[in-house]
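# Chains, contacts and geometry: an overview
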Amino acid sequence: MNADTQASTTTPTGCTNFKLRQLTRRVTQHYDQHLAGSGLKITQYSLLTHVDRLGPLAPGELARRMDMSASTLTRNLQPMIAAGWLSVGAGGDARSRLVHITEAGLSQRRQAQRQWKAAQVALNDKLGVTTVAALHELLDQGLAAFHEEDAHED
């Protein structure tokens, strides 16, 4: 069901992109403040978590799974490789590469996990668990609509 078929009593006003960016900036600041003691930013924690959970994978697949461009992923990978938290090695054939999490990366992620959890709990307290759950549902619906559109373009 798309947004046009849902009953609504009000029409959105303002720029949705601007409103989302405002909220994401504030949420990013919130997580970064909690993670500051770990030496990671939320973008780095998310990247380590994805590589840890998904296992070694091609950079293009990692970018796709994280809904980011290949160039953004490359830019985010560079300091993490330099820090020794991630590595990029040979894949299944001579042309492919795989991103791996290192032991240092696993350790860094584990240490930061407590701060991430504290950030999540604090965000739930600030916005309310019901609001956060509804926000997750709305964001998942929006992402699914874009993924569906992407599938039709292939």
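The sections below set out a description of the structure shown in this document.

So, how was this worked out
- Residues numbered from 1 in each chain as written.
- Predicted model: local features only at pLDDT ≥ 70, side-chain atom pairs only at ≥ 80, totals over all residues.
- Heavy atoms only, no water.
- Axes fitted to C-alpha atoms, helices over the stretch in contact; angles between N-to-C directions.
- Helix = DSSP H or I, 4+ residues; strand = E, 2+ residues; numbered from the N terminus.
- Parallel < 35°, antiparallel > 145°, perpendicular 65-115°, else oblique.
- Left-handed = near helix turned anticlockwise from the far one by under 90°.
- Contact = heavy atoms within 4.5 Å.
- Nonpolar A, V, L, I, M, F, W, Y, C, P; charged D, E, K, R; others polar.
- Phe/Tyr/Trp six-rings, centres within 6.5 Å; stacked < 30°, edge-to-face > 60°.
- Buried < 20%, exposed > 50% of the residue type's maximum accessible area, 1.4 Å probe, protein only.
- 1 Å grid on protein atoms, 1.4 Å probe; cavity = no way out; pocket = protein on both sides within 12 Å on 5 of 7 lines; lining within 4 Å.
- Points joined across faces, edges and corners; volume = space filled by probe spheres on them.

## Brief notes about the packing of helix α2 (residues 42-54) against helix α5 (residues 103-127)
It is the contact of α2 with α5, at a shortest axis distance of 10 Å, that shows an interaxial angle of 120°. Relative to α5, the element α2 lies oblique. Between α2 and α5 the crossing geometry is left-handed. Residues I42, Y45, L48, T49, D52 and R53 of α2 touch α5, and the partners they reach there are G105, L106, Q108, R109, A112, Q113 and W116. Broken down by class, the residue content of the contact of α2 with α5 amounts to six nonpolar, four polar and three charged.

## A few points about the packing of aromatic side chains
With the rule as written, the count across this model stands at one aromatic pair. Consider the rings of Y45 and W116, whose centres lie 6.0 Å apart with planes at 20°: the pair is stacked. One end of the pair, Y45, is in helix α2; the other, W116, is in helix α5, with 71 residues separating them in the sequence. According to the relative accessible area criterion, Y45 is buried, its value standing at 5%.

## Quick notes on the layout of surface pockets
Here the largest pocket is characterised by a volume of approximately 1,900 Å³. In this structure, the largest pocket is lined by 37 residues; those nearest its centre are T24, S46, M66, L139 and L143. Of all elements in the fold, only α1 (16-35), α2, α5 and α6 (129-153) reach the threshold of two or more residues within the lining of the largest pocket. Considering every element that reaches the lining of the largest pocket, the biggest residue donor is α6, with 10 residues. When grouped by side-chain class, the residues that make up the lining of the largest pocket number 17 nonpolar, 13 polar and seven charged.

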